[in-house]
Amino acid sequence: MEYKRFGNKIIVRIDKDEEILEQVKKLALKENIRLAAVQALGATNSFTVGVYNVVEKQISAIEGLDRAKEAVNTFSGSFEIVSLTGTINTMNGEFYTHLHMSAGNDKGEVFGGHLNRAVVSATCEMVVDVLDGTVDRAYDPVTGLNLFKF
């Protein structure tokens, strides 16, 4: 990963064989990002996304999912990242990110959901818009999600 900062905007290039969530965390910790909006595109050859099940609200066995039971889908092959969007913020004062990703195959079929893992196959171009301030998260028993706490 390489990046360049322009005031509150950071332009990021995540390289082949790097995992996107790992690189976002590395960037956030290095740049002390407490709140930001994220958008990206690129290519992946392996990714896992999930869809949250509000009714069941159970702990998932998938790494990185604290309190969410998700229908998890793993894909491998050649995919274009059509959209990657979300936030960087904090929970209990520590790094937290919430990203969703959609990726399309050579037939034009697009798959997506909550991003659990994605390995870059060529490049991933990301824009991180750092916002002044902090918004923490807290577990909400009604939804079973970690929601913004203002």
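Anything mentioned here points back to the structure above.
Residues numbered from 1 in each chain as written. Predicted model: local features only at pLDDT ≥ 70, side-chain atom pairs only at ≥ 80, totals over all residues. Heavy atoms only, no water.

1. Quick word on the overall build of the protein chain
Going by this rule: Numbered from the N terminus, helices here are DSSP runs of H or I no shorter than four residues, and strands are runs of E no shorter than two. Note on method: radius of gyration uses C-alpha positions; expected globular size equals 2.2 Å times residues raised to 0.38. Categorising residues by exposure relies on relative accessible area from a 1.4 Å probe, with only protein chains included: less than 20% of the type maximum marks a residue as buried, more than 50% marks it as exposed, and the intermediate range marks it as partly exposed. Computed by Shrake-Rupley with a 1.4 Å probe, the accessible areas treat only the displayed protein chains as cover when residues are assessed. By the counting scheme adopted, Arg and Lys are positive, Glu and Asp are negative, and His together with the chain ends is not counted. A charge is said to be at NZ when it belongs to Lys, at CZ for Arg, at CG for Asp and at CD for Glu.
Counting its regular elements, the protein chain contains one helix and eight strands. If you list the helices and strands of the protein chain from N to C, you get β-β-α-β-β-β-β-β-β. Computed over the C-alpha atoms, the radius of gyration of the protein chain is 15 Å, within 12% of the 15 Å expected from 2.2 N^0.38 for a compact globule of 150 residues. When its C-alpha atoms are laid out on the principal axes, the protein chain stretches across 40 × 40 × 20 Å. Here the protein chain holds 150 residues, and 42% of them are scored as buried. Total accessible area on the protein chain stands at roughly 8,300 Å², and carbon and sulfur atoms take up 52% of it. Across the protein chain, the centroid of the 16 positively charged side chains sits 4 Å from that of the 20 negatively charged ones.

2. Description of the pattern of salt bridges
Here is the rule we go by: Whenever a carboxyl oxygen of Asp or Glu lies within 4 Å of a side-chain nitrogen of Lys or Arg, that contact is scored as a salt bridge.
On inspection of all chains with the given rule, the structure shows six salt bridges. In this structure, Asp129 and Lys9 form a salt bridge, with 3.1 Å as the shortest nitrogen-oxygen distance. Of this pair, Asp129 sits in strand S6 (residues 110–130) while Lys9 sits in strand S2 (residues 9–15), and the two are 120 residues apart along the sequence. Of the charged contacts, one joins Lys149 and Asp136 as a salt bridge, the two residues approaching to 4.0 Å between their closest N and O atoms. A residue pair is termed long-range when its members are at least 10 positions apart, and Lys149 in strand S8 (residues 145–149) and Asp136 in strand S7 (residues 136–140) qualify at 13 residues. Given the relative accessible area of 44%, Lys149 is considered partly exposed. Asp136 sits in the buried class, given a relative accessible area of 14%. Ionic contacts of the salt-bridge type, sharing partners, join the residues Glu2, Arg13 and Asp15 into one network.

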